[in-house]
Amino acid sequence: MERRVRVRFAPSPTGPLHIGGVRTALYNYLFARQHGGDMILRIEDTDSQRFVPGAEDYINEALAWLGIGIDEGVREGGNYGPYKQSERRDIYREHVQMLLDAGKAYYAFDTPEELEAKRKEMANFQYDARTRLSMRNSLTLPADEVKAMIDRGEKYVVRFKIEPDRDVEVIDLIRGKVTINSSILDDKVLYKRADDLPTYHLANIVDDHLMEVTHVIRGEEWLPSAPLHVLLYEAFGWADTMPQFVHLPLLLKPDGAGKGKLSKRDGDKLGFPVFPLEWHDPETGAVSMGYRERGYLPQAVVNFLALLGWNSGDDQEIMTMDELIAKFSFEHCSKSGAKFDYKKGAWFNHEYLLREDDATLAQLFKPVLEANGVKPEEFGDDFITRTVALVKGRVSFVSELWDQGKFFYAAPTSYAEKDIKKRWSAEMPAIMEELIGVLEGIADFTSKPSEDIVLAWIAEKGYHLGNVMNAFRLTVVGECKGPHMFDVTELIGKEETIARIRRGIAEIKPIA
Ligand code: GLU
């Protein structure tokens, strides 16, 4: 019988969720939704030394912002909880005991000093089938002594007893079959008595099994752990419900940052975020930039991330979440690392701004207006929406709407020198005076009728169209660029248009 698809995103709350982790979460989500399955968020916090306050909330907030829905988790609840590993100690203890009872794991009492001495004595020392019988553990010590040591509360770890010389096969849905020999693996620590906690490997396998996970989709950095995980499934007798493994390609440095894995430093150096949300380090107070605070739309970030390591197979680049869910497949995931082309991220944002509805953008633009000293309520939603519609084609970020459209909200306070040089000849003030007269006579000041009248006047007078229109624009906008001139004048109105021309005539001096 086909099992219901169940996937999990299993971050460790050791700091802000990295953008690579977000991509892992996204691929899990896309796959779960495509198959009508379940998406679990499991918090892997068994490493108490690396726990960072705020990291768990950050993960929840980031996923919610991006629309990556969670079906089961600490907040959502579910039938397979608790979903936080530090609350599952009893379960792990019980499972460690199962392996001990079956002779598949053993107690080891070696102190850090003893292990260090061994490492000095033997080059490439590894705790495994060749060396375990020369160490202090329940395989070499008499049973009553082992029991006495445990009863005395001596510190110990439980190690996995790996049978040597076996070819272990990992079937990965992106990479195919990966085979390694078990002799290269060491007897991994599964449990530490000192903190009464399992290690990642044990907790991860036990939880994936108990939570009935069918597909383990995670970053490539976990591929080396996969053979050990296969052996653990077998040791527990769970081989027939072992999940499918999928190891996603690494995110690599962008062009211009050298080779290797994408790092926070690359982002700092080249000016792009590697975290979904801004992160305030609770210890140092340092602030790391986030996509949200940088003005990215969540749909754009999702689309951009989806294509880092996967392609649609048909060159389509702009895809909604629903389209991504429909098209996603491991066959179109690449084995090799994906270069983090952050400039493409800005391009996606531009594309999504163009598609975003103007009224929504107007709401996002309001804080930017306020930051620039403009009171949005003095202009009203309709006005703001119309200005956004006229300039959004020129920007990648909402914040840039200000630079492109500030003249809608205030008359220019200076005039671009290069435009004055090119367009403001000695006879221009007189022509602009004449233009004022023409504009005063226009009854319907909307774009098209005003344009027709002004152009007819220019033609009749035999003036140079480009020179007159650019001088006009210079007085109204402050420079010779921007949206269609008569769309601008329609919005700011007749009175304001004329006032700006008057001011231009008074203030702009020809530059020889
Ligand atoms: N806790 C691991 C991490 O932080 C999970 C790895 C896995 O998905 O198995 O990435």
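Note that the coordinates shown come from a computational prediction; the quantities given were computed from them, not determined experimentally. (Residues numbered from 1 in each chain as written. Predicted model: local features only at pLDDT ≥ 70, side-chain atom pairs only at ≥ 80, totals over all residues. Heavy atoms only, no water.)

> Explain the pattern of salt bridges residue by residue, including any values.
Scanning all chains against the criterion turns up 42 salt bridges. The residue Lys339 makes a salt bridge to Asp255 at a minimum N-O spacing of 2.7 Å. Residue Lys339 is located in strand 14 (residues 338-339), and its partner Asp255 is located in the loop between strand 11 (251-252) and helix 8 (264-270); the two are separated by 84 residues in the primary sequence. On the accessibility criterion, Asp255 (57% relative accessible area) is exposed. Across the salt bridge formed by Arg386 and Glu490, the nearest N and O atoms sit 2.8 Å from each other. Taken together, the residues Arg386 in helix 14 (residues 381-391) and Glu490 in helix 20 (residues 485-492) connect sequence positions 104 residues apart. (Salt bridge = Lys/Arg side-chain N within 4 Å of Asp/Glu carboxyl O. Helix = DSSP H or I, 4+ residues; strand = E, 2+ residues; numbered from the N terminus. Buried < 20%, exposed > 50% of the residue type's maximum accessible area, 1.4 Å probe, protein only.)

> Tell me about the packing of aromatic side chains, and name the residues and values.
In the structure shown here, the tally under the stated rule is 27 aromatic pairs. Both rings, one in Trp402 and one in Tyr409, keep their centres 6.4 Å apart while their planes meet at 35 degrees; by these two values the pair is tilted. Just as Trp402 is buried, Tyr409 falls in that class too. Here a set of aromatic residues connected by ring pairs shows up, and it is made of Phe272, Phe304, Phe340, Tyr342, Trp347 and Phe348. The ring of Tyr80 is capped by Arg6, whose NZ or CZ atom sits 3.8 Å from the centre of that ring. Here the guanidinium or amino end of Lys344 rests over the ring plane of Trp347, the centre of that ring lying 4.9 Å away. (Phe/Tyr/Trp six-rings, centres within 6.5 Å; stacked < 30°, edge-to-face > 60°. Lys NZ or Arg CZ within 6 Å of the ring centre and 35° of its normal.)

> Could you give an account of helix 2 (residues 55-66), with specific residues and numbers?
The periodicity of an α-helix, 3.6 residues per turn, causes residues three or four positions apart to be oriented the same way. Over its twelve residues, helix 2 extends 17 Å from the first C-alpha to the last, a length consistent with the 16 Å expected when each residue adds 1.5 Å. Here helix 2 has its buried residues at Ala55, Glu56, Tyr58, Ile59, Asn60, Ala62, Leu63, Trp65 and Leu66. Summarising the contacts, the buried residues of helix 2 are in contact with strand 1 (6-9), helix 1 (19-34), strand 2 (38-41), strand 12 (279-280), helix 9 (298-306) and helix 10 (321-327). Just downstream of helix 2 lies Gly67, where phi reads positive at about 80 degrees. (Expected span 1.5 Å × (residues − 1). Contact = heavy atoms within 4.5 Å.)

> I'd like a rundown of the packing of helix 6 (residues 200-210) against helix 7 (residues 226-236), residues and numbers included.
Direction vectors running N to C along helix 6 and helix 7 enclose 60 degrees, while the axes themselves pass 10 Å from each other. As far as their axial angle goes, helix 7 and helix 6 are oblique. In terms of crossing hand, the pair formed by helix 6 and helix 7 is right-handed. Where helix 6 abuts helix 7, its residues Tyr200, His201, Leu202, Asn204, Ile205, Val206, Asp208 and His209 lie against Leu228, His229, Leu232, Tyr233 and Phe236. Among the residues making up the contact of helix 6 with helix 7, the classes are represented as eight nonpolar, four polar and one charged. (Axes fitted to C-alpha atoms, helices over the stretch in contact; angles between N-to-C directions. Parallel < 35°, antiparallel > 145°, perpendicular 65-115°, else oblique. Left-handed = near helix turned anticlockwise from the far one by under 90°. Nonpolar A, V, L, I, M, F, W, Y, C, P; charged D, E, K, R; others polar.)

> Lay out unusual backbone geometry in plain terms, naming residues and giving numbers.
Here Gly81 and Pro82 are connected by a cis peptide whose omega angle stands at -5 degrees. Within the secondary structure, Pro82 is located in the loop between helix 2 and helix 3 (89-101). In this structure, Asp165 is a non-glycine residue whose phi angle is positive, near 60 degrees. Residue position: Asp165 is located in the loop between strand 4 (157-160) and strand 5 (167-172). For Asp165, a relative accessible area of 60% translates into the label exposed. A positive phi angle, near 55 degrees, is found at Glu212, a position not held by glycine. Turning to its location among the elements, Glu212 is positioned in the loop between helix 6 and strand 9 (215-219).

> Please provide a residue-by-residue account of the sheet that holds strand 7 (residues 189-192), values included.
The strand order across the open sheet built from four strands is 3-4-7-8, with neighbouring strands paired in antiparallel fashion. The sheet is open, and its two borders are formed by strand 3 (105-108) and strand 8 (197-198), each paired with just one other strand. Bridge count between strand 4 and strand 7: three bridges; the pairing is antiparallel. Along strand 7, the bridge assignment pairs Val158 with Tyr191. (Pairing = 2+ DSSP bridges.)

> Got a sec to walk through the side chain of Arg132? Specific residues and values, please.
You can see Arg132 is positioned in the loop between helix 4 (112-121) and helix 5 (143-151). Residue classification places Arg132 among the buried positions, given a relative accessible area of 6%. Within polar-contact distance, the side chain of Arg132 engages the backbone oxygen of Ile162 at 2.7 Å. Residues contacting Arg132, with those up to four places away along its chain left out, are Tyr106, Tyr127, Asn137, Leu139, Thr140, Lys161, Ile162 and Asp187. (Polar contact = N/O pair within 3.5 Å; in protein donor to acceptor, adjacent residues only side chain to side chain.)

> Tell me what's going on with the site of the ligand, and back it up with residues and numbers.
Arg8, Ala10, Ser12, Glu44, Tyr200, Asn204, Arg218 and Trp222 make up every residue found near the ligand. The separation between an oxygen atom of the ligand and a polar side-chain atom of Arg8 is 2.7 Å. When isolated, the ligand has an accessible area of 290 Å², and the protein chains bury 84% of it. Of the residues assigned to the shell around the ligand, the class counts are three nonpolar, two polar and three charged. (Near = heavy atom within 4 Å. Areas by Shrake-Rupley, 256 points an atom, 1.4 Å probe, with all protein chains shown as cover.)

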